[in-house]
Amino acid sequence: FTIIIIFSIIASSTNSKEVKLDKPHILHIELNGSIQDRVEKMPFDFSEITGQDINILGLNEILRNIKKAKTDDNIKGIYIEISMFSAGFATIEEIRNALLDFKKSGKFITTYSEIYMQRAYYLASVADNICIYPEGAMELKGLNSTVAFYTNALKKMGIEPQIIRHGKFKSAVEPFMLTEMSSENREQIETFMGSIWSKFLENVASNRNTTIKKLNRIASNFEIRTPQDAIKLGLVDSLFYRDQLQNHLTYLMDKENYEDVNFISLKKY
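Below or above, wherever it landed, is the structure these notes cover. Computed from a predicted model, the values in this text were never measured in an experiment. (Residues numbered from 1 in each chain as written. Predicted model: local features only at pLDDT ≥ 70, side-chain atom pairs only at ≥ 80, totals over all residues. Heavy atoms only, no water.)

**A closer look at a negative patch on the surface**
Among the surface-exposed residues, Asp254, Glu256, Glu259 and Asp260 lie close enough to one another that they form a single negatively charged patch. Tracing the sequence through the fold places aspartate 254 in the loop between α10 (242–252) and β8 (263–265). (Patch = residues over 30% accessible without salt bridge, like charges linked within 9 Å, V, L, I, M, F, W, Y side chains within 5 Å. Areas by Shrake-Rupley, 256 points an atom, 1.4 Å probe, with all protein chains shown as cover. Salt bridge = Lys/Arg side-chain N within 4 Å of Asp/Glu carboxyl O. Lys, Arg positive; Asp, Glu negative; His and termini not counted. Charge placed at Lys NZ, Arg CZ, Asp CG, Glu CD. Helix = DSSP H or I, 4+ residues; strand = E, 2+ residues; numbered from the N terminus.)

What follows is the structure in structure tokens.
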């Protein structure tokens, strides 16, 4: 009970105040964890107690800060550092749209990653400059779906599911009654996945000044084996080691030295 009271006092004493910048900054967005619709604010970092550094980002905070940065005269651009992050296409689409709106301000967006997985690249494709580690990797291979079937396993265990369903396209119970995908389920999966892939290609083609046909060819033939391939195909702009990236950001901020470039994290902003 005492611990709960202490937590409540700490929480009530940490009212967030709007950050007012007095000099030019770059908004630094690190995408290296799970992105959820919203995340409850904690009074302090529990990772110091648990030993587990769990990075969870709130979509609402990401969108709010990108919108705020658009009209903040002391935010000159956004630098997005991408590692392994977990988010669905709907979440990525919202962030992507917010970044496209941010670009209307004329400010820059630069992204950097050692490995651009397919969803990460879709997000990064809005950037003015997509940078990648020279020894890294990029993925563009299309979409796939896997359905597991348990019917034979249940038979071996002597379990007989009692299933009632109405309509051929009600496929949720198929893994417990069939041993392979029904034609109806295949049709609906191919339809919604085809729709997502078409949107992916359309938007990337638009932002990278290329064609849907070319992107489909690249994915079908696995033409991106190295970051150098991505450069040649026009999907990435720069091969940068960390020091070269720093020089690039220094140039964007019109500074002489990297030490003079001011960054503010998404969390702090």
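**Overview of the packing of aromatic side chains**
Per the counting criterion, the structure on display carries eight aromatic pairs. With 6.5 Å between their ring centres and 85° between their planes, phenylalanine 89 and phenylalanine 200 make a pair best called edge-to-face. With phenylalanine 89 in helix α4 (residues 89–103) and phenylalanine 200 in helix α7 (residues 183–207), this residue pair connects regions lying 111 residues apart in the sequence. Their ring planes at 90° and their centres at 5.6 Å tell us that tyrosine 133 and tyrosine 241 sit as a pair that is edge-to-face. With tyrosine 133 in strand β6 (residues 129–138) and tyrosine 241 in the loop between β7 (238–239) and α10, the pair connects residues that are 108 residues apart, well separated along the chain. (Phe/Tyr/Trp six-rings, centres within 6.5 Å; stacked < 30°, edge-to-face > 60°.)

**A look at the pattern of salt bridges**
Considering all chains together, one arrives at nine salt bridges under this definition. The partner of aspartate 101 in a salt bridge is lysine 70, and the shortest N-O contact between them spans 3.2 Å. With aspartate 101 in helix α4 and lysine 70 in helix α3 (residues 59–70), the pair connects residues that are 31 residues apart, well separated along the chain. Among the residues examined, aspartate 101 registers a relative accessible area of 29% and is labelled partly exposed. We classify lysine 70 as partly exposed; its relative accessible area is 25%. Aspartate 101 is paired through a salt bridge with lysine 104; the nearest N and O atoms lie 3.7 Å apart. Owing to a relative accessible area of 66%, lysine 104 belongs among the exposed residues under this scheme. Shared partners join several salt bridges into a network, and the residues in it are Lys70, Asp101 and Lys104. (Buried < 20%, exposed > 50% of the residue type's maximum accessible area, 1.4 Å probe, protein only.)

**Overview of helix α8 (residues 212–221)**
Within α8, burial applies to Leu215, Ile218 and Ala219. Down the axis, α8 shows its buried residues gathered within 95° of arc, on one side only. α8 presents Lys213 and Ser220 as exposed residues on the side facing more than 90 degrees away from its buried surface. Packing partners of the buried residues in α8 comprise α7. (Arc of directions from axis to C-beta. Contact = heavy atoms within 4.5 Å.)

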